[in-house]
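This is what each chain is made of:
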Amino acid sequence: QMTGIRPAALLRRTEQARKDERMKRIVCLFAAPALLFAFAASASPVKQLSKGAKPSFGADADILYLCFFDTMASDAILIRQGGKTMLVDCADTNYGSNVIAPKLRELGIERIDYAVNTHPHDDHINGFISLFDEVEVGAFYTFFPLDFCAEQIACVKAAREHGIEVVRFDSSADLSFGDLKIWVWQDARFADKGPAACNAFSLVMHITYQNSAVLLSADAPKDCFVDLAKEKGAKHFGIHAFLASNT
């Protein structure tokens, strides 16, 4: 339960989450356990791997590798490039240890260099707590105040208990690594609205690699990111990953 959300607002959020999960279940009947995309400079820069397929390139290959984990109505996205790894969100409770950690081991990944939370709602942050028990993590990054809500406090506490550095950053931060350029943005209109505006203040990430670009919009509302996608010329993966669309 999010602190600071009125019962009516919480009910609306719960109903929407149920709708999202029903849609996810339908989509997942036809989708692989994880959607895997590899970006490289070629005539066909985007390659979707088939269900169960493992990448044929090494961890330090000159390629951008994205994995959208099958976490139903939650979000978790792996980014790997040049031997470094970033996990953007970690889904809801237990997904970290039951879904994401086993998949990382299957991919031969023993360490997440950068764990980034787009916003501290349970379906984006809670999985980090169990993941910290399973996988080595270099640092945990958050834009929100460390005491923003109960979920944020619990995750920060778990990170520190595992000796993981906690980094609070702002929109001027450079999260780039390897050959990736990562630009971050949040809608300043919602900066002081508190937990009730957590979705609207989600971290939006624009990732550029060679001639390809991706916009990860987290749970930001449509009017917050559509213009950004058009302006940046990015392939857009929308709210809750599996409900992806292109702009």
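Note that this is a predicted model, so its numbers are computed, not measured.

Turning next to the confidence of the model for the chain. Per-residue confidence for the chain gives a mean pLDDT of 75, with 65% of residues at or over 70. Low confidence marks residues 1–14, where pLDDT is under 50. Its contacts with residues over four positions away, or in another chain, come to 19 contacts. Taken together, the stretch residues 21–35 has pLDDT below 50 and engages in 33 contacts with residues farther than four places along the chain or on a different chain.

Here the focus is the packing of helix 2 (residues 95–106) against helix 3 (residues 122–131). At a minimum axis distance of 8 Å, the contact between helix 2 and helix 3 shows a crossing angle of 70°. Judged on the interaxial angle alone, helix 3 and helix 2 are roughly perpendicular. For the pair helix 2 and helix 3, the sense of crossing is right-handed. When helix 2 is examined against helix 3, the residues G96, S97, I100, A101 and L104 are found in contact with a partner set consisting of G127, S130 and L131. Residue composition of the contact of helix 2 with helix 3, grouped by class: 4 nonpolar, 4 polar and no charged.

Moving on: the packing of helix 3 against helix 4 (residues 150–161). Interhelical geometry of helix 3 versus helix 4 gives an angle of 25° and a closest axis separation of 9 Å. Here helix 3 lies roughly parallel to helix 4, going by the angle between them. Where helix 3 crosses over helix 4, the handedness of that crossing is left-handed. In this structure, helix 3 contributes D122, I125, N126, F128 and I129 to the contact, and helix 4 contributes E151, Q152, A154, C155 and A158.

Over its 12 residues, helix 2 extends 15 Å from the first C-alpha to the last, a length consistent with the 16 Å expected when each residue adds 1.5 Å. Looking at helix 2, one finds that the buried residues are G96, S97, I100, A101, K103 and L104. Taken from the residues just after helix 2, G108 is the one with a positive phi, measuring 80°.

For the rest of this paragraph, the subject is the pattern of salt bridges. Taken as a whole and judged by the stated rule, the model has 5 salt bridges. For R105, the salt bridge goes to E134, with nearest N and O atoms at 3.5 Å. In this pair, R105 is assigned in helix 2 and E134 in the loop between helix 3 and strand 7 (136–142), connecting sequence segments 29 residues apart. Ionic pairing is found between E161 and K157, a salt bridge with its closest N-O pair at 2.5 Å. One end of the pair, E161, and the other, K157, are both in helix 4, 4 residues apart, so they sit about a helical turn from each other. Of the residues examined, E161 reaches a relative accessible area of 57% and is grouped as exposed. When salt bridges with common partners are traced through the structure, they connect R111, D113 and E136 into a single cluster.

What counts as what
- Residues numbered from 1 in each chain as written.
- Predicted model: local features only at pLDDT ≥ 70, side-chain atom pairs only at ≥ 80, totals over all residues.
- Heavy atoms only, no water.
- pLDDT = per-residue confidence, 0-100.
- Contact = heavy atoms within 4.5 Å.
- Axes fitted to C-alpha atoms, helices over the stretch in contact; angles between N-to-C directions.
- Helix = DSSP H or I, 4+ residues; strand = E, 2+ residues; numbered from the N terminus.
- Parallel < 35°, antiparallel > 145°, perpendicular 65-115°, else oblique.
- Left-handed = near helix turned anticlockwise from the far one by under 90°.
- Nonpolar A, V, L, I, M, F, W, Y, C, P; charged D, E, K, R; others polar.
- Expected span 1.5 Å × (residues − 1).
- Buried < 20%, exposed > 50% of the residue type's maximum accessible area, 1.4 Å probe, protein only.
- Salt bridge = Lys/Arg side-chain N within 4 Å of Asp/Glu carboxyl O.

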